[in-house]
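Chain residues, written in single-letter form:
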Amino acid sequence: MKIVVCVNHVPDTETKVKVGTDGKLIDPTGVNWMLGPYDEFAIEEGLRLKEKNGGEVVAISLGGDTHKETLRKSLAMGIDKAVLLKDVSVRDSFAVGKALADAIKEISADVILFGKMSIDYYDEQIPGIVAELLGMPSVSVVVKMEIADGKIICEREIEGGHEKVETKLPCVISAQKGLNEPRYPSLKGIMSAKSKPIEEKIPQTIANRVEVMEMKKPASKSGGKILGTDETAVKELVKLLHEEAKVI
Amino acid sequence: MKVLVFAEQREGQLKKFAFEVATAGKTLATQLNAELEILLLGSKVESLAQRLVGFGASKILIGEDERLNQYSTTAYAKAVADIAKQRNANVLLFSASQMGKDITPRIAVKLEAGLATDCTALKVDSGEIIATRPIYAGKAMIDVKVTTATKIFSLRPNVFTASSPNGSATAIEKISLNFTDQDFSTKVVSTSVSTGRPDLTEANIVVSGGRGMKAPEHFNLIEQLADAFGGTVGASRAVVDAGWRPHDEQVGQTGKTVSPSLYVACGISGAVQHLAGMSSSKFIVAINKDKDAPIFQLADYGIVGDVFSVLPSMIQEVKKVTGR
């Protein structure tokens, strides 16, 4: 089975986000970067599919040299091959998706895995874009999946519950938390990842379809009211919720 | 110019946020001097179409096919794209619901349209649509514009207000759809409901519990308070990871993002990753023993106290008001 996992290198969740000097992008000073947390579920699922079905897992990432850190972590977890689509220009989701689709087209993948979203831009677009460009079905926000005889049955999250979706390979899957427990890279994995090659390709320039005009911090909330320290404050709280906030 | 709003229905029920998007669509259409049409897909959905009358659309379009009674990513995406082309829609609006987020990227590629997802504001500036959306878990916002001729926006649920129907008439038109079996390459085979309570992303009131609840059994206080409010239950990552609550209750950076009218955080300290999931709530109440808990910085009202004495009394007081 040929499995592709797309991964991103993103600011870690503790980052204190500041607007950079161009007013449109994050100020990279002091930011610690990591493999996207949702991408880890995708990598783990890819590894499990390989363990069950044999074959190869390839990780792809689009970005600058710094993305190699994330690709090395993917290799350390057990990915067989890593590809860096080397480009530091500002790309929107379509431009990233198109570059990924072009690279994946050359691979004949059976399953293409993504994390459900990247925790920087929260777009949740790229898996669907790649699937549409490759003419494949897609299932997003997947918490369970079973492949048998070229068919795949997934369970995905919807409002208030789950739905079971059936489709066939090749397809694109985006992974939700709960799909699996990602493994920690073993020491052996970390050591061997250091010497595994990372193939570099230059992706085509593609016009962006969404342009950032300005990045700003949300308005900070002015201090709230502490109503008290015990259940006597409750009567006042409920009164405020009813009369001032009008939520009940 | 034409704005096309996709009104989501599931299992024969119109989603609450369908009305939010219809209202936002009307506002946008007015600002752009454009026509508004509302699209409903499904099987036997004519009665649902009636509920969309009075939102200012010139037409409500029904794309009906027996096979659409269950959701299909590929079929729904194809139907919307085909209809958008037929109707010459320039702007498409969806809710950033699970369905909306699932089909919009595919529709965007089909229409060669740029897509801005999960927008919390839309405005028109010199004829240009500027969308605001949260990024980095809400720690920042970006104003974006879509540069393609056809533009698609998905709106975060529970942020835009739904108006009530204004009594104006709207024509309803059935659109015929042409499907091949290929179009149904993804098929929903069954659905299951998690709880009787509203989904976190749709609820008006969320009562959430964290590690300060001390043990899974104590979440019955959270559930009782949620029921007293007629709301739903949320949880911090810590208690989900500890196995006390299911993942679909998790609020936060690696859980759900919610924007209810009221968010009550009980025994939750307010780690940055949790705040990311609920900071756009309209009113926030925090109950925590620790006066220095970061959650109090974000809360509109706070009680620095023991959840075990505050919650029972809150349940009583809320019931008096809500009558539940």
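Residues numbered from 1 in each chain as written. Chains lettered and ligands numbered in written order. Predicted model: local features only at pLDDT ≥ 70, side-chain atom pairs only at ≥ 80, totals over all residues.

Further remarks concern the overall build of chain A. When you go through chain A residue by residue, the secondary structure sums to 6 helices and 13 strands. Dimensions of chain A along its principal axes, counting C-alpha atoms only, are 65 × 45 × 40 Å. Counting every position in chain A, which comprises 248 residues, the buried fraction comes to 48%. (Helix = DSSP H or I, 4+ residues; strand = E, 2+ residues; numbered from the N terminus. Buried ≥ 20, exposed ≤ 12 C-beta atoms within 10 Å, placed from the backbone.)

Moving on, we get to the overall build of chain B. Along chain B, the regular secondary structure elements total 9 helices and 18 strands. The C-alpha radius of gyration of chain B comes to 21 Å, within 12% of the 20 Å expected for a compact globule of 324 residues. Across its three principal axes, chain B shows a C-alpha extent of roughly 60 × 45 × 40 Å. Sorting the 324 residues of chain B into buried and exposed places 57% on the buried side. Partitioning the contacts of chain B with sequence separation of at least 6, the portion at a separation of at least 24 is 64%. (Rg over C-alpha atoms; globule rule 2.2 N^0.38 Å. Contact = placed C-beta atoms within 7 Å.)

What follows concerns the environment of Ile205(B). With respect to the helices and strands, the residue Ile205(B) is situated in strand S14 (residues 205-209). Taking the C-alpha atoms as reference points, Ile205(B) and Ser259(B), separated by 54 residues in sequence, lie 9.0 Å from one another. Non-local contacts of Ile205(B), meaning those with residues more than four positions away in its chain, are made with Val247(A), Phe229(B), Gly230(B), Gly231(B), Pro260(B), Ser261(B) and Leu262(B).

What follows is about helix H3 (residues 93-105) of chain A. Residues and elements named next belong to chain A. Here H3 contains 13 residues, and its C-alpha end-to-end distance of 18 Å stays within 8% of the 18 Å for a straight helix at 1.5 Å per residue. Taken across its 13 residues, H3 has 11 buried, putting it largely inside the fold. Residues of H3 that are buried: Ser 93, Phe 94, Ala 95, Val 96, Gly 97, Lys 98, Ala 99, Leu 100, Ala 101, Ala 103 and Ile 104. (Expected span 1.5 Å × (residues − 1).)

A few words on the domain arrangement of chain B. All names here are of chain B. Partitioning chain B into structural domains gives domain 1 (2-184) and domain 2 (205-322). Relative to domain 2, the C-alpha centre of domain 1 lies at a distance of 32 Å. Within the side of domain 1 that touches domain 2, the residues separate by chemical class into 2 nonpolar, 3 polar and 2 charged. (Domains from an automatic or database assignment. Nonpolar A, V, L, I, M, F, W, Y, C, P; charged D, E, K, R; others polar.)

A few words now on unusual backbone geometry. Across residues other than glycine, the phi torsion is negative in most instances, and most of the peptide bonds are trans. For the peptide bond that leads from Leu169(A) to Pro170(A), omega is -5°, which places it in the cis range. Here Pro170(A) shows up in the loop between strand S9 (161-168) and strand S10 (171-175). In this structure, Asn88(B) takes a positive phi of about 55° despite not being glycine. Secondary-structure assignment places Asn88(B) in the loop between helix H3 (73-86) and strand S6 (91-95). Even without being a glycine, Ser126(B) presents a positive backbone phi close to 50°. Structurally, Ser126(B) can be placed in the loop between strand S8 (121-125) and strand S9 (128-135).

The next thing to look at is helix H6 (residues 232-243) of chain A. Note on helix geometry: an α-helix contains 3.6 residues per turn, so any two residues three or four positions apart are oriented the same way. Looking at H6(A), one finds that the buried residues are Ala233(A), Val234(A), Leu237(A), Val238(A) and Leu241(A). Take H6(A) and look down its axis: the buried residues cluster within an arc of 135°, on one side only. (Arc of directions from axis to C-beta.)

All names here are of chain B. One open sheet accounts for 7 strands, arranged S7-S11-S6-S1-S4-S5-S12; its pairing is parallel. Among the strands making up the open sheet, the edge pair consists of strand S7 (114-119) and strand S12 (171-175). Within the sheet, the average angular offset between the axes of one strand and its neighbour, ignoring direction, is 20°. (Pairing = 2+ DSSP bridges. Axes fitted to C-alpha atoms, helices over the stretch in contact; angles between N-to-C directions.)

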